[in-house]
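Breakdown of the fold
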Amino acid sequence: MQFTAMILSNAEVSPGYWRMRLTAPPEFASASPGQFVMVRVNNAIDPLLRRPFGVFDVGTHTPAHSGAAAQPYFEMLYRVVGKGTAMLSTLHETDLLDILGPLGRGFDLGDSDEEKLIVGGGVGLAPLYLLARELVKKSPVRLFAGGRTRDDILCITEFERLGVECYTATEDGSLGECGLVTEALLRRLDALQGRASIYACGPHGMLNAVANIAAQRGIPCQVSLEGYMACGVGACLGCVAPGNRHSAETPDFRCVCTEGPVFESGELKWRD
Amino acid sequence: MKPDMTVNLAGMALRNPVMTASGTFGYGEEFAEYVDLETIGAFVTKGLSLKPRAGNPTPRIVETPGGMLNAIGLQNVGIDAFIQKKVPFLRSVNTPAIANFFGNTVDEYAELAGRLDQIPEVAALEVNISCPNVKQGGIVFGTDPDCAAGVVRACRAVTKKTLIVKLSPNVTDVVAMARACEDAGADCLSLINTLTGMAIDLNKRRPVLANITGGFSGPAIKPIALRMVWQVAKAVKVPIIGIGGIMNATDALEFMLAGATAVQVGTASFINPGAAQQIAADMENWLTDNGVADIKSLIGALQA
């Protein structure tokens, strides 16, 4: 659906990372974890295209004063990387934004008797919070959050509040373990008693490593991809990702916006 | 009184002049949630080839000021899947659906035109002549008047449906191309296709697009498109569909003044999937506000 949203809050949660809460129509409450929105940053032609953002959370705000109607909302977590996101970060409460969404195929919540292992890198945590919120209702959930520095480890308190056990790793050692977050994931997999399922979102290198780990250990794994996209509705075909049968001779592309952004890792092509 | 918004495109009656451009509107179905397809004049489906095409590696698109570059590589489902999976939807919509198509050889163009001619749900054909002529050493059909005329003649011979030829702006003399296509039997010309461009990532010292170059579209190209439509309109008798950076009703009406009978909305549909519907409604409002009874009176009415 397409709607005009009013910004309820827009705050920097870590240097360069922002969290925005916007009003949403009641139907938005049924957004599934992993879905995304396309945001038109302004009504001018620069930036021209909408920007895609994962849905961080959805909810309903009940105002303190009596008589005011409950207001459904959604949240986005975004990193300022270019002109569009820089402009978003300057917007204030009551500013309006044109939104398309929720779009795409979200995460499959899987079986409740699995241990859920969520792996997020930097702003890749964005679509994983709503996922964690759903998963904790039925299963034990662990989060493995990685980043270059402590500034890239976002909203861990929120995950902890859900009852998620959190592991953090940074490349410079400024928070948590020093190194890659996949180390902690591997240790957990070694100690695993029963079944598990992996959910990941973050830089492509991290997803590649996680997908390979999942394949080696025969563990179901879903990844959420990013893609340069113009439309978000399957028309521009800009955002495709190579599927598992892909080769230069016989290309096999999957459309990130409509077939994804969440894929079973086995559906996609990875480097060994 | 409501203004008359209907136009006639080489025998094809349109409820209004606003169409969607090939490659920006999928096969129509993708936009049904956002657009009432029965409020626009016509829609053009994603370019079809004989065999399915997977398209280019990524990155395939990049935004630049006022526009975007794309190098999708003509990814499409191929004519067989189009007939099986996409045509049933076209049947459900009371708006002309125009099939855009392309081949690597004249024979491929003719085969596609002949097959599309047999599909009752396809109201008209739009020939994309901007792809390389494999047999003649990679010359783009759309940049050589004789090559273009050969394609148009071959398609004309196998279809009685309205035959639209989509012209490339990447030529020295667009008028020569237009005349060649008209003489070869085109019922209608649509222009412009995207302009070849590129973007560079300074820090990586690499092209942004995997394909290095791409087709430039969006509001930045409108002045070039308007100029070409104006030049071609003066030179040919067949109706013209104006395309290039149309973002709103003002843009669309300017193309009509320059000589276009209809327009196609492209990149704007990516930004606002309901753009074509909005533009048609706003054009009608402009006519009402300005006391114009019939939109056809604006075609080529530029005072120059």
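Scope of this entry: the structure provided in the associated data block. Keep in mind that what you see is a predicted model, and the values were worked out from it rather than measured.

Attention shifts here to the pairing of strand E16 (residues 213–217) of chain B. Residue and element names in this part refer to chain B. The element E16 is largely enclosed, with a buried count of 4 among its 5 residues. Bridge analysis of strand E6 (residues 67–70) against E16 gives 3 bridges, and the strand direction is antiparallel. Residue pairing across strands places methionine 68 opposite serine 217, the latter belonging to E16. Taken together, the 4 bridges between strand E13 (residues 195–198) and E16 define a ladder with antiparallel strand orientation. Looking across to E16, one finds that glycine 197 is bridged to glycine 214.

Now for the interface of chain B and chain A. Tallying the contact residues gives 27 residues for chain B and 21 residues for chain A. Mapped by element, the contributors of at least two residues to the side of chain B that touches chain A are strand E5 (61–64), E6 and helix H7 (267–271) of chain B. The residue inventory of the side of chain B that touches chain A, partitioned by class, reads 14 nonpolar, 10 polar and 3 charged.

On to unusual backbone geometry, then. Across the junction of A:Gly101 and A:Pro102, the peptide omega takes the value -5 degrees, indicating a cis bond. In this fold, A:Pro102 is placed in strand E6 (residues 96–103). B:Ile192 follows B:Leu191 through a cis peptide bond whose omega is 10 degrees. Tracing the backbone shows B:Ile192 in the loop between strand E12 (188–191) and E13. For B:Ala10, which is not glycine, the phi dihedral falls at a positive 50 degrees. Among the structural elements, B:Ala10 can be located in the loop between strand E1 (7–9) and strand E2 (12–14). The class for B:Ala10 is partly exposed, based on 15 C-beta atoms found within 10 Å. Phi at B:Arg205 takes a positive value of approximately 55 degrees, unusual for a residue other than glycine. Structurally, the position occupied by B:Arg205 is in the loop between strand E14 (200–201) and strand E15 (206–207). A tally of 7 C-beta atoms within 10 Å means that B:Arg205 is categorised as exposed.

Let us now look at helix H2 (residues 128–135) of chain A. Counting buried positions along H2(A) yields 6 of 8 residues, so the element is predominantly enclosed. In this fold, the buried residues of H2(A) make contact with strand E4 (51–61), strand E7 (115–121), strand E8 (141–147), helix H3 (156–161) and strand E11 (196–201) of chain A.

All names here are of chain B. Strands sit in the order E5-E6-E16-E13 across an open sheet of 4 strands; the sheet is antiparallel. Two strands lie at the open edges of the sheet, namely E5 and E13, each paired on one side alone. Strand-to-strand, the axes of this sheet are offset by a mean angle of 40 degrees, without reference to chain direction.

Moving on: the packing of helix H6 (residues 249–258) of chain B against helix H8 (residues 275–289) of chain B. Between two packed helices, both the angle of their axes relative to each other and the distance between the axes serve to describe the pair. Residue and element names in this part refer to chain B. Relative orientation of the contacting elements H6 and H8 amounts to 70 degrees, with a least axis distance of 8 Å. Relative to H8, the element H6 lies roughly perpendicular. Seen from above, H6 lies across H8 with right-handed handedness. Residues Ala249, Ala252 and Leu253 of H6 pack against Ile279, Asp282, Met283 and Trp286 of H8. For the contact of H6 with H8, the residue count by class is 6 nonpolar, no polar and 1 charged.

Criteria and cut-off values
Residues numbered from 1 in each chain as written. Chains lettered and ligands numbered in written order. Predicted model: local features only at pLDDT ≥ 70, side-chain atom pairs only at ≥ 80, totals over all residues. Buried ≥ 20, exposed ≤ 12 C-beta atoms within 10 Å, placed from the backbone. Helix = DSSP H or I, 4+ residues; strand = E, 2+ residues; numbered from the N terminus. Pairing = 2+ DSSP bridges. Contact = placed C-beta atoms within 7 Å. Nonpolar A, V, L, I, M, F, W, Y, C, P; charged D, E, K, R; others polar. Axes fitted to C-alpha atoms, helices over the stretch in contact; angles between N-to-C directions. Parallel < 35°, antiparallel > 145°, perpendicular 65-115°, else oblique. Left-handed = near helix turned anticlockwise from the far one by under 90°.

These figures capture arrangement, not role.
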